[in-house]
Amino acid sequence: MYPNDGDKAEDLISKADIVLYKSKLQQKGHFLFFNDSINKQVKRDYILDAQLRSALTNNELTVVYQPQISVKTGTLIGVEALVRWNNTLLGPISPNEFIHVAEDIGMINDIGRFVNKQSMQDILQFNRLTNSNLRLSINISPKQLMEPLFVDDILNTAQDVGIKNQLITLEITENVLIVNVKKAQPILQQLKDSGFKLSLDDFGTGYSSLSYLNNLPINEIKIDKTFIDKLLTNNQSESLVKTIIAIGKLSQMTVVAEGVETKEQYERLAHLHCDKIQGYYFDRPLSLEALIAKYK
Ligand code: C2E
Ligand code: CA
Ligand code: CA
């Protein structure tokens, strides 16, 4: 709007272009006016984009590991690898914020390859040091999964590092599969045939979860934190968690609850026969050094 958003044609056109893009992302045929929050978001995206491009070469990315505890034995059986980005200009940035930027600017494959290799090396080191068979879960973004070389790449990395595929679980979000289930199916099958386990992350937040379970080679489901949060206060959440665990048992799948923060939540989940627990109640994500120090 002239003159509030600018008094030069280029300014007005460039801002109109930005809101056009934002508006299309929200809904086709929608309308939107330029405002300060859009302006801030665009500026932040721009800096994130620029900084992320050099994050790998500047060694700004690290991987931390969140313990997964077996309910039956009360012991550590695996860890989930979670990427961390600490940038000199911006400070620590959550993967919730930068993973989608990485996908947009085509950097997700490089970041994914880094996480795969680093986490496989680290967990192999843990296992050698402690003479154990700790399992490793890695988050795979949808864009990564659909990359033509993804399967070859991860197979090569595991082989180079020298870790058994059987120890590795790949976590894929349920929402992804809704869009591309036909394309994902053969890729997942190939991964399973190579020995990897597959986990359906954020389970319960998507739409047609049940139909996937029949069509996809899934070994594990992870109950989303939103259900665990309400487990003790909302009857519907408890019924849902119970049902998910029952579905898991019926389909011979491991059921993991994530975001478990209290003893009461843990006890309820144990009572409901959930298989594995992950959350701040046991541990926050830890560096390799902290993991070794605490669990060796
Ligand atoms: P996610 O896969 O659902 O991971 C669980 C998130 O919950 C992690 O956040 C973890 O730190 C956090 N969390 C675990 N236990 C608790 C708890 O008890 N309470 C609370 N409040 N939070 C808990 P984080 O590390 O910030 O990761 C956020 C998301 O970013 C992940 O969600 C995952 O979708 C994505 N992500 C993280 N690392 C990677 C990666 O290496 N590759 C890809 N593609 N995505 C990643
Ligand atoms: Ca995950
Ligand atoms: Ca999750």
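You'll find the structure just up there.
The rules behind the values
Residues numbered from 1 in each chain as written. Chains lettered and ligands numbered in written order. Predicted model: local features only at pLDDT ≥ 70, side-chain atom pairs only at ≥ 80, totals over all residues. Heavy atoms only, no water. Donors = N, O, S within 2.8 Å, 3.2 Å for Na, K, Ca; no water. Helix = DSSP H or I, 4+ residues; strand = E, 2+ residues; numbered from the N terminus. Buried < 20%, exposed > 50% of the residue type's maximum accessible area, 1.4 Å probe, protein only. Core = buried A, V, L, I, M, F, W, Y, C linked by side-chain atoms within 4.5 Å. Axes fitted to C-alpha atoms, helices over the stretch in contact; angles between N-to-C directions. Parallel < 35°, antiparallel > 145°, perpendicular 65-115°, else oblique. Contact = heavy atoms within 4.5 Å. Nonpolar A, V, L, I, M, F, W, Y, C, P; charged D, E, K, R; others polar. Phe/Tyr/Trp six-rings, centres within 6.5 Å; stacked < 30°, edge-to-face > 60°. Lys NZ or Arg CZ within 6 Å of the ring centre and 35° of its normal. Pairing = 2+ DSSP bridges.

Colleague: It is not clear to me how the coordination of the calcium ion (ligand 2) should be interpreted in this structure. Could you clarify?
Modeller: Metal coordination angles have textbook ideals: 109.5 degrees for a tetrahedral set of four donors and 90 or 180 degrees for an octahedral set of six. On the protein side, the calcium ion (ligand 2) has E80 (OE), N139 (OD1), E171 (OE) and D201 (OD) as donor atoms, found 2.1 to 2.3 Å from it. Between consecutive donors of the calcium ion (ligand 2), the numbers of intervening residues give the motif E-x58-N-x31-E-x29-D. A gap of 4.1 Å separates the calcium ion (ligand 2) and the calcium ion (ligand 3), which D201 links by coordinating each metal. Residue E171 is located in strand 5 (residues 168-173), and its partner D201 is located in strand 6 (residues 197-203); the two are separated by 30 residues in the primary sequence. Each member of the pair, E171 together with D201, is buried.

Colleague: Mind showing me how you'd approach the coordination of the calcium ion (ligand 3) here?
Modeller: Summarising the metal site, the calcium ion (ligand 3) is bound by the protein donors D201 (OD), D202 (OD), E258 (OE) and E258 (OE), whose distances to it range over 2.1 to 3.0 Å. Within one chain, the residues serving as donors to the calcium ion (ligand 3) are arranged as D-D-x55-E.

Colleague: Would you explain the environment of P67 in this entry?
Modeller: By secondary structure assignment, the location of P67 is in strand 1 (residues 61-70). Put simply, P67 and V255 are 188 residues apart on the chain and 15 Å apart in space, counted from C-alpha to C-alpha.

Colleague: Got a minute to help me understand unusual backbone geometry in this structure?
Modeller: With glycine set apart, most residues show a phi of negative sign, and most peptide bonds adopt trans. The linkage connecting Y2 with the following residue, P3, adopts the cis geometry, with an omega of 0 degrees. Counting through the fold element by element, P3 comes out in the segment before helix 1 (9-26). Phi is positive for N59, which is not a glycine, with a value near 55 degrees. Its place among the elements puts N59 in the loop between helix 2 (36-53) and strand 1. When its relative accessible area of 67% is taken as the criterion, N59 is described as exposed. A positive phi angle, near 55 degrees, is found at D202, a position not held by glycine. Its place among the elements puts D202 in strand 6.

Colleague: I tried to follow the nonpolar core on my own but got confused; where do I start?
Modeller: Note on soluble globular proteins: their nonpolar side chains tend to be buried together. In terms of nonpolar packing, the biggest core is built from 77 residues, with L145 and L191 touching the most fellow members. A total of 7 residues in this core trace back to one element, the largest contributor, which is helix 4 (residues 108-130).

Colleague: What am I meant to see in the packing of helix 2 against helix 3 (residues 95-104) here?
Modeller: Helix-helix packing is characterised by the crossing angle of the two axes and by the distance between the axes. Closest axis-to-axis distance for the helix 2/helix 3 pair is 10 Å, and the angle between their directions is 75 degrees. For the element pair helix 2 / helix 3, the angle class is roughly perpendicular. Of helix 3, the residues touching helix 2 (which contributes R44, L48, D49 and L52) are E97, F98, V101 and A102. Counted by class, the contact of helix 2 with helix 3 contains 5 nonpolar, no polar and 3 charged residues.

Colleague: I tried to follow the packing of aromatic side chains on my own but got confused; where do I start?
Modeller: Two aromatic rings are characterised by how far apart their centres lie and by the angle between their planes. Enumeration over the complete set of coordinates arrives at 5 aromatic pairs. Measuring from ring centre to ring centre gives 6.1 Å for F31 and F33, while their planes differ by 75 degrees; the resulting arrangement is edge-to-face. Taken together through their ring pairs, the aromatic side chains of Y266, Y281 and F282 make up a single cluster. Lying across the ring of Y280, R284 places its NZ or CZ 3.8 Å from the centre.

Colleague: So what exactly am I meant to see when it comes to the pairing of strand 5 here?
Modeller: Remember that side chains alternate between the two faces of the sheet whenever the strand is regular. In terms of residue burial, strand 5 counts as a mostly covered element, since 5 of its 6 residues are buried. When strand 4 (residues 135-139) meets strand 5, the two strands line up parallel, connected through 4 bridges. Across the sheet, I138 pairs through a bridge with L170, a residue of strand 5. With 5 bridges connecting them, strand 5 and strand 6 associate as parallel partners. Within strand 6, the residue paired with L170 across the bridge is L198.

Read these as geometric descriptors, not functional statements.
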